[in-house]
Amino acid sequence: MQITPSILSADFANLERELQRISGADWAHVDVMDAHFVPNLTIGLPVVEALAKVSPIPLDCHLMIEDPDRWAPGYAEAGAGSVTFHIEAAGDPVRLARDIRAAGARASMAIKPGTAFGPYEELLDEVDMVLVMTVEPGFGGQSFMADQMPKVRQVREAVRRRGGEIWIQVDGGVSADTIEQCAEAGADVFVAGSAVYGAQDAAAAVDQLRDLALS
Ligand code: DX5
Ligand code: ZN
């Protein structure tokens, strides 16, 4: 069970300090948005490169961008430990996953709420993680979509059938109120933005989420 706070809800004027607040977490989730794949714009490669140099924990980059085939391997080269591309945007996902791994990061594919997992099951041979979105990508602080839990179960079942060590991540609206149902459905990596950075004590929020996921 791994907790991955999203710095989308952190203070962007003080990112190094904000990363220190979550040093007890497993990964720092970095939401990269391009104002095309999603209707929001955040940060890109130069900032990720700078964060990778100062972060106490590895970076988990979630690329909500068009043409990830072109850009995603660069995030691995910039020092991200895990790079997630959206399956809806990928041109050649097999090659893309291999490029990310060749550049030294774990490769992961993300699935939007309206996208079915079934057609992509064979990609489990190529990735280290599947991200099941539990909100429409684009913004922090949205309501958790419990109707995505059957998809988490479906991915967990497929991973079980195939064997291997593929992680299942959920992202969007994950909090103390919703994390247990995610864990019960089969998720083992939990992104939380507002639930961690909105708390007085971010470190305590991370520990609480981990305890709930394990319970
Ligand atoms: C949404 C992002 C999420 C976001 C989650 O598009 O991918 O990572 O930061 O924020 P919360 O946890 O507040 O829903
Ligand atoms: Zn994200």
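The rules behind the values
- Residues numbered from 1 in each chain as written.
- Chains lettered and ligands numbered in written order.
- Predicted model: local features only at pLDDT ≥ 70, side-chain atom pairs only at ≥ 80, totals over all residues.
- UniProt positions renumbered as here; feature names shortened; annotations may be inferred.
- Axes fitted to C-alpha atoms, helices over the stretch in contact; angles between N-to-C directions.
- Helix = DSSP H or I, 4+ residues; strand = E, 2+ residues; numbered from the N terminus.
- Parallel < 35°, antiparallel > 145°, perpendicular 65-115°, else oblique.
- Left-handed = near helix turned anticlockwise from the far one by under 90°.
- Contact = placed C-beta atoms within 7 Å.
- Nonpolar A, V, L, I, M, F, W, Y, C, P; charged D, E, K, R; others polar.
- Buried ≥ 20, exposed ≤ 12 C-beta atoms within 10 Å, placed from the backbone.
- Near = placed C-beta within 6 Å.
- Pairing = 2+ DSSP bridges.
- Arc of directions from axis to C-beta.

- For the protein chain, the name recorded in an unreviewed UniProt entry is Ribulose-phosphate 3-epimerase, with Leekyejoonella antrihumi as its organism.
- The Catalytic activity (unreviewed entry) field of the UniProt record for the protein chain holds the comment "D-ribulose 5-phosphate = D-xylulose 5-phosphate".
- Taken from UniProt, the Sequence similarities (unreviewed entry) comment for the protein chain reads in full: "Belongs to the ribulose-phosphate 3-epimerase family."

Looking at the packing of helix H3 (residues 68–77) against helix H4 (residues 93–102)
Argument step 1. One way to put it is that H3 packs onto H4 with a least axis distance of 8 Å and a crossing angle of 20°. As summarised for this structure, H3 and H4 are arranged roughly parallel, according to the angle between their axes. Taken as a pair, H3 and H4 cross one another with a handedness that is right-handed. On H4, the residues touching Pro68, Asp69, Ala72, Pro73 and Ala76 of H3 are Leu96, Asp99 and Ile100.
Argument step 2. For the contact of H3 with H4, the per-class residue count stands at 6 nonpolar, no polar and 2 charged.

Things to note about the UniProt feature "binding site: substrate" (unreviewed entry) in the protein chain
Argument step 1. According to UniProt, the positions carrying the feature "binding site: substrate" (unreviewed entry) are Ser6, His62, Gly138, Phe139, Gly140, Gly141, Asp171, Gly172, Gly173, Gly193 and Ser194.
Argument step 2. Residue position: glycine 138 is located in the loop between strand S6 (129–133) and helix H5 (149–162).
Argument step 3. Not counting residues up to four positions away in its chain, the partners in contact with glycine 138 are Met33, Val38, Pro39, Asn40 and Met64.
Argument step 4. Inspection of the secondary structure assignment puts glycine 141 in the loop between S6 and H5.
Argument step 5. Its 13 C-beta neighbours within 10 Å are what place glycine 141 among the partly exposed residues.

Examining the site of ligand 1
Argument step 1. In the vicinity of ligand 1, 22 residues are found, and the nearest of them are Ser6, Leu8, Gly140, Gly193 and Ser194.
Argument step 2. Breaking the shell around ligand 1 down by element, the ones donating at least two residues are strand S2 (28–33), strand S8 (189–192) and helix H7 (194–197).
Argument step 3. Of the residues that constitute the shell around ligand 1, the class distribution is 8 nonpolar, 12 polar and 2 charged.

Digging into unusual backbone geometry
Argument step 1. Its identity is not glycine, yet alanine 35 carries a phi of approximately 65°, on the positive side.
Argument step 2. With respect to the helices, strands and loops of the structure, alanine 35 is situated in the loop between S2 and helix H2 (45–54).

A few points about the environment of aspartate 171
Argument step 1. Relative to the helices and strands, aspartate 171 is located in strand S7 (residues 167–171).
Argument step 2. Taking the number of C-beta atoms within 10 Å as the measure of exposure, aspartate 171 has 26 and is therefore buried.
Argument step 3. Sequence spacing of aspartate 171 and glycine 140 is 31 residues, and the spatial spacing of their C-alpha atoms is 9.7 Å.

Concerning the sheet that holds strand S4 (residues 82–86)
Argument step 1. Taken in spatial order, the 8 strands line up as S1-S8-S7-S6-S5-S4-S3-S2 in an open sheet, and their pairing is parallel. Each of the sheet's edge strands pairs with one partner strand only, and the pair in question is strand S1 (2–5) and S2. This sheet shows a mean twist of 25° between the axes of neighbouring strands, independent of strand direction.
Argument step 2. Pairing of strand S5 (residues 106–111) with S6 involves 4 bridges; the strand directions are parallel. Paired with methionine 109 across the two strands is valine 130, which belongs to S6.
Argument step 3. In the packing of H4 onto the sheet, the strands contacted are S4 and S5, and the crossing angle to S5 comes to about 140°.
Argument step 4. Lying on the sheet, helix H8 (residues 202–214) is in contact with S1 and S8; it crosses S1 at an angle near 145°.

Overview of H4
Argument step 1. Three or more residues of H4 are buried, namely Pro93, Leu96, Ala97 and Ile100. Seen along its axis, H4 keeps its buried residues to an arc of 100°; they face one direction. Away from its buried face, by an angle of more than 90 degrees, H4 presents the exposed residues Arg95 and Ala102.
Argument step 2. Considering only its buried residues, H4 is in contact with H3, S4 and S5.
Argument step 3. After H4 finishes, the residue glycine 104 shows a positive phi value of roughly 100°.

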